[in-house]
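Residue-level structure breakdown
In case you want the letters, here they are:
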Amino acid sequence: RAHDAFTNSIYTLESNPQTEIEGVTIVPFQPTGDATYAKNLQSIFLKDPTIVLAADVPDTASADAISRFASEGRVYLGLSAPDSFSAMDRWLSLNSDRDRAIDTLCAVTAQRLVRMLCPTCKTPFQPDEGTLRRLNLPISKNIQAFKANTLPILDKKGNKIVCPDCGGSGFRGRTGIFEVLVLNDDLRKAIRAKANQTQLKDIARKARMILLVEHGIRKFAAGITAIH
C-alpha cells in the first residue's frame, strides 16, 4: 500500500504465497534440483526491480545478495525472532560483510497479532494494584480496562442469549502490536563498536522507541485487547 505497484517494479520471493496482489510479480520458491533461495534472489535482482520482498533469509548467500541489492534498491525481508533487536542480531550475523549490512539496514519491525475484545459484550473492570504495577501503569489513576465477557448476556426480557457479534467467545477479530527499531547514526556507531543489546536498547529508547510489550499495554489500556 505504501508503494504504487504501477509505477514501481515489485517482486516477491515466497515459499508459500498466500495471495495475489495486482501489479506485483509473486515468485514461488521451490527447492528442486540445484535451485537455492540465493539463486532465485539473484535471478530477480537481474530484472532490475524497484522493490523486492524476500519472505525468508535462509543462509549467508541470500543475506549477501540482499545487502548488495539494498545498496541501490529497496528490500523488505522476513525473519523469525522474538523482538526487533534479536532480528537485527540475526540479520547481521547472516551477512559476511557486516559493515555493508549495517549501512543498508534502515529499520526493523517486530509484530504480533492479538485478539480484539468483542465491542458488544466486553466487560469493564478496574485492574488491581498488582496488575497495574506489573504493567507499569499509574496506580493512583482510575483506569477503565476491559476483559472478555464470561457471563451470559440477557436480552430486554431477561432471557439468556449468545452474543450475536462474537458467538460467545468474547473476542472478535485481531489487531497488530508493533515494535519499530529505526537505525540512526548513534545506533550504527554503537553496533560497529559491538555494543550489547542493553546498550543498543538504551540508545533506541532515547529516540523514543516503543517496545512491543508497551504497545500491547497501550492496546489493553484503550480497551482493545485483554491481558489474559
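My aim in this report is to walk through the structure given alongside it, one point at a time. These figures come from a predicted structure and were not determined experimentally. Positions within a chain are numbered from 1, following the residues in the order the chain's sequence is written. Only residues with pLDDT of at least 70 are given local features in this predicted model, and only at 80 or more are side-chain atom pairs given and counted; all residues enter the totals for whole chains, interfaces and linings. Values shown for side chains rest on all heavy atoms present in the structure; no hydrogens or waters enter the calculation.

A look at the packing of helix α1 (residues 37-45) against helix α2 (residues 60-70)
The relative placement of two packed helices is expressed as an angle between their axes plus a distance between the axes. Fitted lines through C-alpha atoms serve as axes, helices being fitted only where they are in contact, and the angles separating the N-to-C directions of these axes extend from 0 to 180 degrees. Counting from the N terminus, the helices are the DSSP runs of H or I reaching at least four residues and the strands are the DSSP runs of E reaching at least two. Closest axis-to-axis distance for the α1/α2 pair is 8 Å, and the angle between their directions is 20°. It follows that α1 is roughly parallel to α2 by the angle criterion. For α1 against α2, the interelement crossing comes out left-handed. Each of Tyr37, Ala38, Leu41, Gln42 and Phe45 in α1 lies in contact with α2, whose residues at this interface are Ala61, Ser62, Ala65, Ile66, Arg68 and Phe69. The class makeup of the residues in the contact of α1 with α2 is 8 nonpolar, 2 polar and 1 charged. These descriptions rest on fixed angle ranges, namely under 35 degrees for roughly parallel, over 145 for roughly antiparallel, 65 to 115 for roughly perpendicular, and the rest for oblique. Here a crossing is taken to be left-handed if its near helix is turned anticlockwise relative to the far helix by less than a right angle, and right-handed if that turn runs clockwise. We call two residues contacting when some pair of their heavy atoms lies within 4.5 Å. All residues other than Ala, Val, Leu, Ile, Met, Phe, Trp, Tyr, Cys, Pro, Asp, Glu, Lys and Arg, Gly among them, are scored as polar; the first ten of these are nonpolar and the last four charged.

So, the pairing of strand β3 (residues 51-54)
Inspection of the sheet shows strand β1 (residues 10-14) paired to β3 by 4 bridges, in the parallel sense. In the sheet register, Ile10 faces β3, and the bridge partner there is Ile51. Pairing between two strands requires that DSSP report at least two bridges joining them. Both β3 and strand β4 (residues 74-77) contribute to a ladder of 4 bridges, which runs parallel. Note that in β4 the partner of Ala54 across the bridge is Leu77.

Observations concerning the pattern of salt bridges
Just to be clear on terms, a salt bridge is a Lys or Arg side-chain nitrogen sitting within 4 Å of an Asp or Glu carboxyl oxygen. As enumerated under the stated definition, the model contains 7 salt bridges in all. Here Asp64 makes a salt bridge to Arg100, at a shortest N to O gap of 3.9 Å. Taken together, the residues Asp64 in helix α2 and Arg100 in helix α4 (residues 98-104) connect sequence positions 36 residues apart.

Side note on the nonpolar core
Of all hydrophobic cores here, the largest spans 34 residues; its most connected members are Ile66, Phe85, Met88, Trp91 and Leu181. Elements with a contribution of two residues or more to this core: β1, α1, β3, α2, α3 (84-94), α4, α6 (185-192) and α7 (197-206). For this core, the leading source of residues is α3, giving 6 residues. Joining through side-chain atoms within 4.5 Å is the link that ties buried Ala, Val, Leu, Ile, Met, Phe, Trp, Tyr and Cys residues into a set, and such a set is a nonpolar core. Any residue under 20% of the maximum accessible area for its type is buried, any over 50% is exposed, and the rest in between are partly exposed; the area is computed with a 1.4 Å probe on protein chains only. Core analysis: the second largest hydrophobic core is formed by 8 residues, Leu135, Ala145, Ile217 and Phe220 among them.

So, the sheet that holds β4
A sheet is described by the order of its strands in space; here 4 strands give the open sequence β2-β1-β3-β4, paired in parallel fashion. Lying at the two open borders of the sheet, with one neighbouring strand each, are β2 (24-28) and β4. Pairs of neighbouring strands in the sheet enclose a mean axial angle of 15°, with direction left out of account.

Focus on helix α8 (residues 212-221)
If you check which residues of α8 are buried, you get Leu212, His215, Gly216, Ile217, Lys219 and Phe220. On the buried face of α8, the contacting elements are β5 (107-117), β6 (123-125), β7 (145-147) and β10 (171-182). Count one or two residues on from α8 and you reach Gly223, which has phi positive near 80°.

Re the side chain of Glu179
Tracing the backbone through its elements, the reader meets Glu179 in strand β10. No salt bridge is formed by the buried Glu179; the nearest opposite charge belongs to Lys201, separated by 6.6 Å. Only 2.8 Å separates the side chain of Glu179 from the backbone nitrogen of Leu212, close enough to count as a polar contact. In this tally Asp and Glu are treated as negative and Lys and Arg as positive; neither His nor the chain ends contributes. What qualifies as a polar contact is a pair of N or O atoms within 3.5 Å, subject to a donor-acceptor requirement within protein and to the restriction that residues adjacent in sequence count only when both atoms come from side chains.

Some details on the packing of aromatic side chains
Planes of paired rings set the category: under 30 degrees apart is stacked, over 60 is edge-to-face and the rest tilted, where pairs are Phe, Tyr or Trp rings (Trp by its six-membered ring) whose centres lie within 6.5 Å. With the rule as written, the count across this model stands at 3 aromatic pairs. The interplanar angle of 5° and the centroid separation of 4.3 Å between the aromatic rings of Phe45 and Phe69 together place this pair among those described as stacked. On the criterion of sequence distance, the pair formed by Phe45 in helix α1 and Phe69 in helix α2 is long-range, its members being 24 residues apart. The pair formed by Phe45 and Phe69 is uniform in burial state, with each residue classed as buried.

The values reported here are purely geometric and, on their own, carry no functional implication.
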